[in-house]
Structure formats: C-alpha cells, structure tokens
Amino acid sequence: MSLSCAGAEIVFWFFLSYADCIILHMARTQITDTTKKIGEIVDIYGWVAVRRDHGKIIFIDVRDRSGVVQVVLGPWSGEALYAQAQDLRSEWVVHVQGLVKERPANLVNPDVPTGTIEIEARELTVINQSKTSPFPLDTDGYAINEELRMQYRYLDLRRPRLLRNLMARHRIIKHIRDYLDREGFCEVETPILTKSTPEGARDYVVPSRLYAGKFFALPQSPQQYKQLLMAGGIEKYFQIARCFRDEDTRGDRQPEFTQLDLEMSFVEREDVMRLNEALLIDIVTTLFPEKKIQEIPFPRLTYKEAMETYGTDRPDLRKDKNDPHLLAFAWVIDFPFFEKVEDKKVYHPGEQWTFTHNPFSAPRPEHMAWLMGKEHIGEILTTQYDVALNGFEIGGGSIRNHQPEALEKVFEIMGYAKETVTANFGHMLEAFTYGTPSHGGIAWGLDRLCTLLLNEPNIREVIAFPKTGDAKDLMMQAPAELEEKQLRELHIAIDEKIKK
Ligand code: ASP
C-alpha cells in the first residue's frame, strides 16, 4: 500500500517537472508574435541590433530570426536594470522579459511589423557578449567587401536579406521534395566518394589511405549512379545533390554546387519536359506569386533557331527586361551530339570529337542509324533538352542510350581506346547488358534558380557558405596544408618546388 503510494508520488513529481519543462520551453516568444500579446509578460531572446540612449530613456532594438522589436527602459525600471541596459552593445545576445505595451498612435512606426508595440523590460540577462562586428549588419550588405563578408559569414548570415534567402531556398527545396513525392519519386542519396571518369570537367580527387596511389573522385553529378538506379528498378529517382567540378574560375561558378537531379524509366523526352515544366510553374505560382511567367507552355526553340536568332543557346526572351518579376522560361532542344574537340576548351582525353552535353545521351531516334554507322557525326542531334530562364541555363537533361552497343559507339566516335572505355565506363556497359529500362532525366542548377527567383546578382548570395571565385573558403581557410603525418598516411609527397 505505502509502496504504491510512493510510486504514485514519484510519477506525480515526474509529471510535474516534465510539465515545467514544457512550460519553460514554450515560454519563448518569437519577436514577430509579440504584437499578439499586448498586456502580457513575454520572454524574448535575440541579438541587440541597436541601443539608443535618450537621457532618461534607453531603447534597445532586439532582433531574432523573425524580426526586430523595441525594448524600452526608463526611471520606472529601477537602477540595477537600467545600469545593465546601459552596458549593452550591438550583437550581444540577450534574454529580455517584459510587458508588451501598445504604443500611442503618434509613436507607431509603420515601417516595422512590430511598430505598434514596445516591450517594457522587467528583467534582462546577457547570454553572450560580442566584439564589434567588422561590418554593419543592418544594411543589405551589397556595398561591403565580399571577401570580408565571407570571412565572417556567420555574422553576414544575420543580415535579414541573407536570412530571407536561406529561408526561401529551404521552401523551394521542400516544395520540390513534396511535389516529387506526390508524383511517386523516391529520393536516393548517391555516393560522394566515387571514381574519376572523363565526364566533361576536371574532378576533385581524394587520396585513399588504405590503397596507396589510388584515388576517389567527388562526383561531377550523380549521372552514372542515377542511371544505375534505373537499372536497379527504382523507376523514379530524384535527389537534392551536391556536385563538384574543379574548373578554373569562370564567372559566377562554385566548385561545389547543388542540383535537383532526377531520372525516370520508360519515358520519352516529352514526359520529362512536361513534368519539369509543371514543377517549375508550381514553384513560382505557389512561392513567388508576385512573379509573372511570360509564356506558358514554355516556348521551345531548336539549338539552330536559338543560335541564329539570339546568338546563344540560352536566350533571354523577356519582353521587358526592366521588370524584376518577369520570368521568361524557354526550352532549347535538338542540340548537336558531337562537336570538334578544338572548339571546346575542356578537359578531354579523347581525340577529334567530343560530346556537347552528356556522353550518356541518346541521339534523336531518327539519327540512331548515323550513330551506329558512325556517319554524319557532326549532324547527329541529341535528345538533350535545356531549360533557360532570363538568359541563364537553369537545367538540362536527356533521354539516355540504354543499349550498350549505342553507348559504345559514342565512345568510339570520341576516340576513346577500348581499355579507357572499359576502365571508366565498363560498369555502365555491363549494367546495360542486364535489362536496363529505357530512361531519361534532367538536372537543375538549384543555386542559379534560387538566385533568379530571389533577384540576387550572383549565386553566392543564396549559398550559406560559398567559396570565392578562386575556389577558397575564407572562413575555414581552406584549402589548407596537411600535417606531415597525414601526408605520410596518404602516401603523398609534396613537390619541393611548391613548399614554402
Ligand atoms: N548530369 C547532367 C548534368 O549534370 C544532367 C542530366 O543529364 O541529367 O548536367
């Protein structure tokens, strides 16, 4: 009897303290929600944006992820609290407990969402102090030296514009995931440590410790894996995938970037284009209702038409280029499959001919005979489709060659030796001999799409921790040297000439 009573008591105490935890946890009010709590005591947590001393009254603008609110202290606050507030500096992290008060009509600030209220502080706790920020955080930041912004990116991210960009990017990605999930797609992660294969750009490589003299490569895209997923019967795959390309600085590129990567089995070009067009329209109309899509369905141009009319394969079709909310999507199709190597300044181990887009693409069905006969090579058109937006390429894909003989012909035309083909693509050719379905897909440059939708001038503004144009991470100070011991383990000797 007494035992069970004690038991009940323990359960009761446990319940109470658990409930306390919930109450404590729930006690934080997001700053934008304070307007709904007039007459209540709230607890806000955030950063001191500005402190203004007006003689007997101190105003502190406190900022959290949701916004900014004015906290006020005066003679009524008591000396100790007032003195505490006088010490506060910008970017200190604080917890303020206070009473939400409606402002008299003449003091309402219509420019701030919380401008109808202010918080009369009752208690103040400094959670952490801050050194003076090397640059202002209350501007849009465009005028600040970008290298400095990157070095202190964690401060730069406090800027409302950057916060807005990351939140919008999150919503775009979530929207894509939900949409494709409803369409029956399965998100699959593919390896980051993979093999170096000639796919167009230079690979980032990772030395193997266990296998001296051998290297992994970081994927330029999940192209081969997604095709092997089709061989594996996945049928509808997508991934928000990180891709790595070791290219020399080329304008607004990043060594690592994000794709929406997607592949489908038993499809024609039309199916892939239709799905992607619908998804792009859905993202814009749901998340960016202020934007106007110039033309639906998206206009389609052949590569030839685009080059002849606009001199580029990613034409900017906007009728009014001054309108920041106008989106002119366009598909470009019927690209040549091959081009002469000397026309393309990319890393390429073969001779004479190389692919314009993707070695795994199928030719247009009517040109399959030319491919198999290795005839009219320069005239063979690929099933490649690119999607352009306001003059930028935001995606591209194709229907693939699922017959091993046809894929082999592509490599032969590019002059790859049999051993090179076996060493680099043997697994693909082998997989295609085991009943690989017909398939096709696409990849979007997600950073670029976000940049355009958010009207940002470059992709670094929509990436949390971007690298500089010359491929450095200024915050982490990467790339960096390794310890002698690490180098030894990796069987790497640094050339004396490049040692300091
Ligand atoms: N893997 C290709 C790329 O990264 C896209 C595709 O064809 O799906 O450009």
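Note that this is a predicted model, so its numbers are computed, not measured. Note that residues are indexed from 1 along each chain, following the sequence as it is written. Two thresholds apply to this predicted model, a pLDDT of at least 70 for residue-level local features and 80 or more for giving and counting side-chain atom pairs, whereas whole-chain, interface and lining totals are computed over all residues. Excluding hydrogens and water, the side-chain values take into account all heavy atoms of the structure.

A.B. asks: Would you mind going over the overall build of the protein with me for this structure?
C.D. replies: Counting its regular elements, the protein contains 13 helices and 19 strands. The globule rule is 2.2 Å times the number of residues to the power 0.38, and the radius of gyration it is compared with is taken over C-alpha atoms. A globule of 500 residues ought to have a C-alpha radius of gyration of about 23 Å, yet the protein, at 29 Å, is considerably larger. Taking the principal axes of its C-alpha atoms as reference, the protein extends roughly 90 × 70 × 60 Å. Only protein chains enter the accessibility calculation, which uses a 1.4 Å probe. A residue is then buried if its area is under 20% of the maximum for its type, exposed if over 50%, and partly exposed in between. In the protein, which comprises 500 residues, the share counted as buried stands at 45%. Any two residues whose heavy atoms approach within 4.5 Å at even a single point are treated as in contact. Partitioning the intrachain contacts of the protein with sequence separation of at least 6 by distance along the chain shows that 66% fall at a separation of at least 24. Surface accessibility in these figures is a Shrake-Rupley result with a 1.4 Å probe; residues are shielded only by whichever protein chains are displayed. Approximately 26,800 Å² of the protein is accessible, and the part contributed by carbon and sulfur atoms is 55%. Here the protein holds 61 positive side-chain charges and 75 negative ones, and the gap between their average locations is 3 Å. Counting from the N terminus, the helices are DSSP H or I runs at least four residues long and the strands are E runs at least two residues long. Charged residues are defined here as Lys and Arg on the positive side and Asp and Glu on the negative side; His and the ends of the chain fall outside this count. To locate a charge, the coordinates of NZ of Lys, CZ of Arg, CG of Asp or CD of Glu are taken.

A.B. asks: Is there a simple way to think about the pattern of salt bridges in this case?
C.D. replies: Any two side chains of opposite charge can pair if their charged atoms end up close together. Put simply, a salt bridge is a Lys or Arg side-chain nitrogen that is within 4 Å of an Asp or Glu carboxyl oxygen. Following the criterion strictly, the structure yields 39 salt bridges and no others. Across the pair D261 and K226 runs a salt bridge whose closest N-O atoms are separated by 2.7 Å. Here D261 is found in strand β10 (residues 256–265), whereas its partner K226 is found in helix α6 (residues 223–231), with 35 residues between them in sequence. For the pair D261 and K226, a shared accessibility class is recorded, and that class is buried. In this structure, K226 and E263 form a salt bridge, with 3.3 Å as the shortest nitrogen-oxygen distance. In this pair, K226 sits in helix α6 while E263 sits in strand β10, placing the two residues 37 residues apart along the sequence. For K226, a relative accessible area of 1% gives the class buried.

A.B. asks: Explain the site of the ligand to me, please; I cannot follow it from the model alone.
C.D. replies: Consider each residue's heavy atoms; a residue with any of them within 4 Å of a molecule or strand counts as near. What surrounds the ligand is the set S221, Q223, K226, R245, Q259, N358, G396, G397, R400, I442 and A443. Two N or O atoms count as a polar contact when they lie within 3.5 Å, although within protein this holds only if one can serve as hydrogen donor and the other as acceptor, and sequence-adjacent residues are included solely when both atoms are side-chain atoms. Between the ligand and K226, the relevant distance is 2.6 Å, taken from an oxygen atom to a side-chain nitrogen or oxygen of the residue. Take R245: an N or O atom from its side chain is 3.1 Å from an oxygen atom of the ligand. Those elements that place two or more of their residues in the shell around the ligand are α6, β18 (392–399) and β19 (439–445). Note on residue categories: nonpolar means Ala, Val, Leu, Ile, Met, Phe, Trp, Tyr, Cys or Pro, charged means Asp, Glu, Lys or Arg, and polar means any other residue, Gly included. Its residues assigned to classes, the shell around the ligand comprises 2 nonpolar, 6 polar and 3 charged.

A.B. asks: Is there a simple way to think about empty space enclosed by the protein in this case?
C.D. replies: Over the atoms rolls a probe the size of a water molecule, and its path tells where empty space is left. The pocket and cavity definitions rest on a 1 Å grid over protein atoms only: a 1.4 Å probe that fits but cannot leave marks a cavity, an open set with protein on both sides within 12 Å along at least five of seven lines marks a pocket, and residues lining either have an atom within 4 Å of a point. Grid points are joined across faces, edges and corners, and a volume is the space filled by probe spheres set on the points. Evaluated as defined, the whole model comprises 1 cavity of 30 Å³ or more. The computed volume of the largest cavity comes to approximately 40 Å³. Around the largest cavity, the lining residues are M150, R153, F465, P466, D473, L474 and M475. Tallied by class, the residues present in the lining of the largest cavity amount to 5 nonpolar, no polar and 2 charged.

A.B. asks: For this particular structure, what's the right way to read a nonpolar patch on the surface?
C.D. replies: Put simply, a patch holds well-exposed residues, over 30% relative accessible area, that have no salt bridge, with like charges counted together within 9 Å and Val, Leu, Ile, Met, Phe, Trp or Tyr side chains within 5 Å. Taken together, the side chains of I492, I494 and I498 present a nonpolar region at the surface, about 250 Å² in accessible area. Its place among the elements puts I494 in the segment after α13 (484–489). What makes I494 partly exposed here is its relative accessible area of 34%.

A.B. asks: What exactly am I supposed to notice about the sheet that holds strand β5 (residues 117–128) here?
C.D. replies: Sheet strands pair via backbone hydrogen bonds, and the direction of the pair is either parallel or antiparallel. Strands are treated as partners if at least two bridges between them are detected by DSSP. The mixed closed barrel is built from 5 strands, whose spatial order is β1-β2-β3-β5-β4. Neighbour to neighbour, the strand axes of the sheet diverge by 50° on average, direction disregarded. Strand direction decides the pairing type here: strand β3 (residues 67–73) and β5, joined by 2 bridges, are parallel. Residue V71 lies in a different strand from β5, and its bridge partner there is I119. Only the stretch in contact is used when a helix axis is fitted, and all axes are lines through C-alpha atoms; the angle between N-to-C directions ranges over 0 to 180 degrees.

A.B. asks: Mind showing me how you'd approach the confidence of the model for the protein here?
C.D. replies: The predicted coordinates of low-pLDDT regions are not to be read in fine detail. Averaged over every residue, the pLDDT of the protein is 92; the share at 70 or more is 92%. A score from 0 to 100, pLDDT tells how confident the predictor is in each residue. Per-residue pLDDT stays below 50 along residues 1–16; that stretch engages in 0 contacts with residues further than four places along the chain or on separate chains. Across residues 18–25, confidence stays below pLDDT 50; counting only partners more than four residues off in sequence or on other chains, it has 0 contacts.

A.B. asks: I'm lost on the pairing of strand β17 (residues 385–389) in this one. Help?
C.D. replies: Note on strand geometry: in a regular strand, side chains alternate between the two faces of the sheet. Within β17, 5 of the 5 residues are buried, which leaves it mostly tucked inside the rest of the structure. Of the two faces of β17, the one holding Y385, V387 and L389 and the one holding D386 and A388 are both buried throughout. As judged from the 5 bridges shared by strand β14 (residues 329–333) and β17, these two strands associate in the antiparallel manner. Paired with F329 across the two strands is L389, which belongs to β17. Taken together, the 5 bridges between β17 and β18 define a ladder with antiparallel strand orientation. Directly across from V387, in β18, lies its bridge partner G395.

A.B. asks: Teacher, can you tell me more about the sheet that holds β18 here?
C.D. replies: Taken in spatial order, the 8 strands line up as β6-β9-β10-β19-β18-β17-β14-β12 in an open sheet, and their pairing is mixed. Pairing within the sheet leaves two strands with one partner each, and these edge strands are β6 (186–187) and β12 (300–302). Inspection of the sheet shows β12 paired to β14 by 3 bridges, in the parallel sense. Bridge pairing links R300 to W331 in β14. Lying over the sheet, helix α7 (residues 269–287) contacts β10, β12, β14, β17, β18 and β19, oriented at roughly 30° with respect to β19. Where helix α8 (residues 303–310) meets the sheet, it contacts β12 and β14, and its direction lies at approximately 90° from that of β12.

A.B. asks: Sorry if this is basic, but what is going on with helix α10 (residues 404–413) here?
C.D. replies: Given 3.6 residues to a turn, an α-helix orients residues that are three or four positions apart in the same direction. Judged by how many residues are buried, α10 sits mostly within the fold: 7 of 10 residues are covered. Buried within α10 are the following residues: P404, A406, L407, K409, V410, F411 and I413. Structurally, α10 contributes buried residues whose contacts are with β15 (338–340), β16 (353–355), α9 (368–373) and α11 (418–432). Residue G415 follows α10 closely and has a positive phi angle near 80°.

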